[in-house]
Amino acid sequence: MAEQASLVQAPLVSVVVPARNEAGNLPALVDEIAAALASRGPFEAIVVDDGSNDATPKVLAELKRTRPWLIPLRHAVSCGQSAAIRTGVRAATAPVVATLDGDGQNDPTFLPAALDALAAGGARVGLVAGQRLGRKDTGFKKIQSRIANAVRGRVLGDGTRDTGCGLKAFRRDVFLALPYFDALHRFLPALVRREGFEVGLIDVVDRPRQAGVSNYGLWDRLWVGILDLYGVWWLIRRRRQVPEVTEL
């Protein structure tokens, strides 16, 4: 029994995937995650079904049958993308977490680059965020993102041109130390910098959605987030100095 227990290795990275009504995209995405991390040691993939009303729960249950590293979780009702990410991060058992959107537009082949950049940055880097090139969204959705990113960048000055990219890597403890609110995932670079950490950026290539429709529009991306945006601005202004702690 002791020998069998020793063969079960703790994951080195947890991949968290928020998903709502993504039954058509998850089978390929889950296997792409496994392929991208196959040579990097033990991992786990936590897919959080955010109250889907399609076949997503059934698809995840079937995938779980032959993939022991897959951990499907479900919200009884939709609570939003930030809530789904937080649920996944809290359930994660690895010290390092990577995130991907459940629509398949974030290519898992860029996960190793994000994880390597985080490791290379050492203790000073708290987050590595993807910056999308060659957006495959519709023209209207691109305009939505440009407006939202322009407003956010002007107000926060966070040095990040694209916080909407779901591909990110961070240390679990850093994420859980951040103040939680709805739409948190769109302000991670600014909040991580507020805690005294640096943010790394890598270019990633976007992919077209293969199935389903986007669950987020301009109202979600900009107008509903105005109060959150200025709330983050207030938080940044109130944090004057990050203490450096040493043991005597």
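Residues numbered from 1 in each chain as written. Predicted model: local features only at pLDDT ≥ 70, side-chain atom pairs only at ≥ 80, totals over all residues. Heavy atoms only, no water.

The protein chain carries the name Dolichol-phosphate mannosyltransferase in an unreviewed UniProt entry, which gives Blastochloris viridis as its organism.

A few words now on the overall build of the protein chain. A count of helical and extended segments in the protein chain gives 10 helices and 7 strands. Residues counted as buried form 50% of the 248 residues belonging to the protein chain. Residue pairs in contact within the protein chain that sit at least 24 positions apart in sequence constitute 82% of those at least 6 positions apart. (Helix = DSSP H or I, 4+ residues; strand = E, 2+ residues; numbered from the N terminus. Buried < 20%, exposed > 50% of the residue type's maximum accessible area, 1.4 Å probe, protein only. Contact = heavy atoms within 4.5 Å.)

So, about the nonpolar core. Within the largest apolar cluster, 33 residues are counted, with the highest numbers of intra-cluster contacts made by Val15, Ile33, Leu37, Val47, Leu100 and Leu111. Secondary-structure elements contributing two or more residues to this core are β1 (13–19), α2 (26–37), β2 (43–50), α3 (56–64), α5 (111–121), β5 (125–133) and β7 (198–205). Per-element tally for this core: the top contributor is α2, with 6 residues. Each residue touching Val47, except ones within four places of it in the same chain, is listed here: Val17, Ala19, Leu26, Val30, Leu60, Leu70, Ile71, Pro72 and Leu73. (Core = buried A, V, L, I, M, F, W, Y, C linked by side-chain atoms within 4.5 Å.)

Here we come to the packing of α2 against α3. Relative to each other, α2 and α3 sit at 35 degrees, their axes nearing to 10 Å. You can see that α2 and α3 cross each other, and the crossing is right-handed. Note on element contacts: α3 touches α2 through Thr56, Val59, Leu60 and Leu63, opposite Leu26, Pro27 and Val30. Of the residues that constitute the contact of α2 with α3, the class distribution is 6 nonpolar, 1 polar and no charged. (Axes fitted to C-alpha atoms, helices over the stretch in contact; angles between N-to-C directions. Left-handed = near helix turned anticlockwise from the far one by under 90°. Nonpolar A, V, L, I, M, F, W, Y, C, P; charged D, E, K, R; others polar.)

To continue, consider the side chain of Thr99. Mapped onto the elements, Thr99 comes out in strand β4 (residues 96–99). The exposure class of Thr99 is buried, given its relative accessible area of 5%. Here the side chain of Thr99 touches Gly166 through a polar contact of 2.7 Å, landing on its backbone oxygen. If near-sequence neighbours (up to four positions away) are discounted, Thr99 is found in contact with Val16, Ile85, Gly166, Leu167, Lys168 and Phe170. (Polar contact = N/O pair within 3.5 Å; in protein donor to acceptor, adjacent residues only side chain to side chain.)

Tracing the chain through its elements places Ser82 in helix α4 (residues 81–91). Polar contacts involving the side chain of Ser82 include one to the main-chain amide nitrogen of Leu184, which spans 2.8 Å. Only 2.6 Å separates the side chain of Ser82 from the side chain of His185, close enough to count as a polar contact. Leaving out residues up to four positions away in the same chain, Ser82 has contacts with Tyr180, Phe181, Asp182, Ala183, Leu184 and His185.

Let us now look at the pattern of salt bridges. According to the stated counting rule, one finds 11 salt bridges in the structure shown. Between Glu32 and Arg207 there is a salt bridge, with the nearest N and O atoms lying 2.9 Å from each other. Of this pair, Glu32 sits in helix α2 while Arg207 is found in the loop between β7 and α9 (218–223), placing the two residues 175 residues apart along the sequence. Residue class for Glu32 comes out partly exposed when judged on its relative accessible area of 30%. Between Arg171 and Asp173 there is a salt bridge, and its shortest N-O distance comes to 3.9 Å. Under the relative-accessibility criterion, Asp173 is labelled exposed at 52%. Each of Glu22, Asp103 and Arg209 takes part in one network of salt bridges that share partners. (Salt bridge = Lys/Arg side-chain N within 4 Å of Asp/Glu carboxyl O.)

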